[in-house]
Each structure stands twice: as structure tokens, then as C-alpha cells.
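Structural features, examined
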Amino acid sequence: MTENSDPSETAMALSQDSWGRIIALIASADGDIAGAEDALSSALETGVRVWREQGVPANPEGWLYRVALNARRDVWKSAATRTSAVWDPEVHDGSSDSVHPGSALHPGSADPPDPGALPDRRLELLGACAHPDIDPPARPLLMLSAVMGMTGKQIAAGMALPVATVAARLTRAKKRIAAVGIGFGLPDRSDLDVRLPDIQEAIYGAFAIDWVHAPAQPRDGTIGETLYLSRLLAELCPSDGESHGLAALVHLSAARFPARRSREGLFVPLDDQDPGIWDAVLIARGEDHLRSVQHSGEIGRFGLLAAIQILHMSGVRRGSTDWPMLLRLHDDVERMAPSLGGAVSRAAVIAEIDGPEAGLAQLDALEGSSRRGRPPVEGPAVSPARVDAFQPTWALRAHLHTRTGHEQEAQRAYRRAIELTTDPAERAYLENRSFENRSGR
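Conventions and cut-offs
Residues numbered from 1 in each chain as written. Predicted model: local features only at pLDDT ≥ 70, side-chain atom pairs only at ≥ 80, totals over all residues. Heavy atoms only, no water. Helix = DSSP H or I, 4+ residues; strand = E, 2+ residues; numbered from the N terminus. Contact = heavy atoms within 4.5 Å. Areas by Shrake-Rupley, 256 points an atom, 1.4 Å probe, with all protein chains shown as cover. Phe/Tyr/Trp six-rings, centres within 6.5 Å; stacked < 30°, edge-to-face > 60°. Buried < 20%, exposed > 50% of the residue type's maximum accessible area, 1.4 Å probe, protein only. Axes fitted to C-alpha atoms, helices over the stretch in contact; angles between N-to-C directions. Parallel < 35°, antiparallel > 145°, perpendicular 65-115°, else oblique. pLDDT = per-residue confidence, 0-100. Core = buried A, V, L, I, M, F, W, Y, C linked by side-chain atoms within 4.5 Å. Expected span 1.5 Å × (residues − 1). Salt bridge = Lys/Arg side-chain N within 4 Å of Asp/Glu carboxyl O.

Brief notes about the overall build of the protein chain
Scanning the protein chain from terminus to terminus reveals 21 helices and zero strands. Looking at the protein chain alone, contacts between residues at least 24 apart form 68% of all its contacts between residues at least 6 apart. Total accessible area on the protein chain stands at roughly 20600 Å², and carbon and sulfur atoms take up 51% of it.

What about the packing of aromatic side chains?
Per the stated rule, a full pass over the model turns up four aromatic pairs. Ring geometry for tryptophan 51 and tryptophan 63: centres 5.2 Å apart, planes at 65°, overall edge-to-face. Of the two residues, tryptophan 51 sits in helix α3 (residues 33–54) while tryptophan 63 sits in helix α4 (residues 60–83), which places them 12 residues apart along the sequence. Here tryptophan 51 matches tryptophan 63 in class, with each residue buried. Ring plane angle 20° and centroid distance 6.1 Å describe the contact between phenylalanine 207 and phenylalanine 257, whose orientation is recorded as stacked. Here phenylalanine 207, found in helix α10 (residues 189–210), pairs with phenylalanine 257, found in the loop between α12 (241–255) and α13 (280–296); they are 50 residues apart in sequence, far enough to count as distant.

Some details on the packing of helix α2 (residues 19–27) against helix α7 (residues 138–147)
Contact geometry for α2 and α7: axes closest at 7 Å, N-to-C directions at 100°. The angle between α2 and α7 places the two elements in the roughly perpendicular class. Where α2 abuts α7, its residues Trp19, Gly20 and Ile23 lie against Ser145, Ala146 and Val147.

Section: the confidence of the model for the protein chain
Per-chain confidence: the protein chain averages 80 in pLDDT, with 80% of residues scoring 70 or above. Across residues 84–118 the pLDDT falls below 50, and counting only partners more than four positions away or on other chains, this stretch makes 60 contacts in the model. Note on residues 370–380: pLDDT is under 50 here. Beyond four places in sequence and across chains, it has 23 contacts.

Points about the side chain of histidine 330
One can find histidine 330 in helix α15 (residues 323–336). Accessibility expressed as a relative area gives 6% for histidine 330, which makes it buried. Other than its neighbours up to four places away in sequence, histidine 330 contacts Ile308, Gly342, Ser345, Arg346 and Val349.

Focus: the nonpolar core
Ile33, Leu64, Leu125, Leu126 and Ile199 are the most contacted members of the largest nonpolar core, which has 91 residues in total. Counting residues per element, this core draws most heavily on helix α14 (residues 301–318), at 10 residues. Sequence-distant contacts of isoleucine 33, defined by excluding residues within four places in its chain, comprise Ile23, Ala27, Leu125, Cys129, Ala146, Lys174 and Ile177.

Things to note about helix α19 (residues 391–404)
Look at α19: 20 Å from first C-alpha to last across 14 residues, which is about the 20 Å you get at 1.5 Å a residue. When α19 is considered as a whole, its buried residues turn out to be Gln391, Thr393, Trp394, Ala395, Leu396, Arg397, Ala398, Leu400 and His401. The first or second residue beyond α19 is glycine 405, which carries a positive phi of 85°.

Notes on helix α20 (residues 407–420)
Spanning 14 residues, α20 covers 20 Å between terminal C-alpha atoms, matching the ideal 20 Å at 1.5 Å per step. Among the structural elements, α18 (384–388), α19 and α21 (424–439) are those in contact with the buried residues of α20.

Thoughts on the pattern of salt bridges
In total, this model carries 12 salt bridges according to the counting rule given. In this structure, glutamate 201 and arginine 301 form a salt bridge, with 2.2 Å as the shortest nitrogen-oxygen distance. Separated by 100 residues along the polypeptide, glutamate 201 in helix α10 and arginine 301 in helix α14 bring together distant segments of the chain. For glutamate 201, a relative accessible area of 35% gives the class partly exposed.

Remarks on the environment of glutamine 294
Turning to its location among the elements, glutamine 294 is positioned in helix α13. In this structure, the C-alpha to C-alpha distance between glutamine 294 and histidine 244, residues 50 residues apart in sequence, is 9.6 Å.

Overview of the environment of glutamate 409
Inspection of the secondary structure assignment puts glutamate 409 in helix α20. Distance in space between the C-alpha atoms of glutamate 409 and alanine 398 is 7.4 Å, their sequence separation being 11 residues.

Dropping the structure here:
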């Protein structure tokens, strides 16, 4: 037991770091993702209560796995009794021992399995969630929820969807998996090729959603999970350029996390970061994956975004950024996979090349096109409400209006950007910039 560990904090960390691993392992027996989630949620609640009395076990992940698995065994046995179905422990849990869930709580019971010994079946679960019988809009939501352990509220905020919509899609998708009997196990190569884009989007989606609140140590939490899964996917599909592109993008982006905050916890923008405290190991891995993209002869959206990352990082190191090359890469991304975020990033690059007025013109065109109900040139079709609620748009507007000396417009943009910012450190940074703008510094 680890007597000094806080049970609530331990349970919270496990719900973020181990959720998908345990869910995948339990749900692989019968495809019931909702049942596995219920069992693990109950095990977490039980763990907090028991650990307060007995102390946190040395192996809390294995403890939760055993309690949740035993809870599912009771359900399977009960169902077998009601339906006369054959109870097969080899199918349901891969072992012949049958232990009541209460015995896992007993001090004299055998230690739970070592987490390192538990098989990791998350890619199989990702593949099941990307099955063609699942509605396409629900696939990334299901993967983010079941595999990455994100809440409906987190997913809704990250994907700009109503919470009720996310909840309804998740419920329908889980019922569909159970009803159709979608099996687990890695699909064959032809099926995997079809499902790869959805799997890649889910891994990147988890990374993007957790980006703001990720810890300075990039191997922790959800970011650590996306690093691991992106590497695993690249190993599984060594000739797939986009799998390597995703791994390169995630590793290069995460490498900068240690420099995003000062020692005092203040937000530090990329251009002001100290490259000396970037994570050298993650940079090396990202560069290796980027070379694999080049060798594959196939460069997609993730590969282009990774190339943009490495160019920005090289510019910070040298003190001089190749903005024309960045614009060409952004143009390629916009043609291949237009997005609101991509359009705003492209406007920032144009401002560096042609001046702040040119960047503001790009943002005006983006907003005007959305209000007219049609996409801007080489950009996405987005609603006016989404443009208005997109924080990077206002942060860039504030910065560019400050550069042009338009104080009132800059203050309006700062107020909106601050209102939309969820990261306290970034909010404080914007508030400070707003004060400097008002003071004419």
C-alpha cells in the first residue's frame, strides 16, 4: 500500500491515464462498451471509498481492472442463467478462475495483476469504434470517450458541438456496437486502411482537446496516451505516411510543452520560448517520423502540419523564420483539408509576409464568407457563430490591430479573446497585453 497517496487524486489520475486501456480489455470480451464503462466507473467509486480506509494499493490500475472485470463476470453469469447461454470464461475474461468482486477488496486476496502484464487492446477498440456500421459522425466521439476516457463535456467543447448532441450520438453508437455484435481484434490490412483516417483523427482530436490544459511533462496524462498510441499506429502501419505524419506532429508539438510556461507559471508564446528546454527526445522521435513520411512518398494533412511545426521551431532556434515556405505549406493544408483553425493560422502567416492589414483582410474575408453562407477562398464553410466563438480568431485580431495602432479595435478583440480563453495562464497573458495596448507601451 502507498499510505501517503490521496485516494481521490489517484482515482482521478487513473480515470485519465488508464481508462481506455481497462475499457478495451474488458469490452473485448462481449463488445459492450457501455457495460465496461459502468463497471469501471463503479470500481473507481469503490476504490476511493476502500482506499481511504486501507490505503492506496501499490498497483491501483490492476486493482481497478480486477474489480471491474469481476463485476462484468457477475453480469455475464447472470445473463447466462437467464438465457441459458453457455458461460465460457475463456471467451469472457481469458481465464478460468472465477472470483466474486468482493474478494478483490479483501486484504487477504491475491494481488491484482501487474499493469505491465495486462495486454493493451486500445487499437482494437479504436478499430471497432471505426467500424463501417457505426455512423461516421459518431466514430470520433466514441473513440474519444471509450478509448481516451474523455467526458462528453470535454468532447463537446473541443469539437464545438452541443453536449446533448454528443451524448445522443455516443448512446446510439454504443447500442449499435452491442446490437450488431461488432467484434474486437485488429482488422485485416484492407479493412484497417479504410478505418485508419478515423483512428488517426481520434488520436489527434484527443491531443488537440487536451492541448490547453496539458502538463509541462508531455509524457503525462492524455498527451502521454496520444504519444504512445501514435507511435503504436506508426509501428503497425510502417508504410503509411499519414500514420507517421500524425506521430511526427504529436511528438513535435508535445516537445514544446516544457517551455510553454515560465517558472512563475506565466504563458510563453512560441516565438519567446527557450528552445533549450524543449524535450530533445520527443523532437528526435518526431523528426524520425517526419523522415518516414518523406520516404513513404505520401504526404497528407498530418505530415504537412508536422512540417509546419518543424519550420516554426527551426525559426525560433535561428531567430529567422521562412514565412514564404510556411505559407506554401498552409496553402497545401487548406487545399487538402480546409479548417477554421487552418485559415486563422494562414492569416497569421500572411500578416508576417504582407503586413498586419493583409492578415486582418484575411480574417475579414473569413468572417464575411461565413455570414454569407459560403466558404472563403481555399477555406472551410463555417457558421458565423462558430467564427465568433473561435478564440484564436480574436487573439490574432487583437495582435494585428495592436500592430496597426488601432487601439479601440484591439481592445474589443482582446476583450472577446479573454472571454473565450479557458487557460488561466493564457488569459493572464492576454490581459497583460491588453493593458500594455491601453497604456501605449
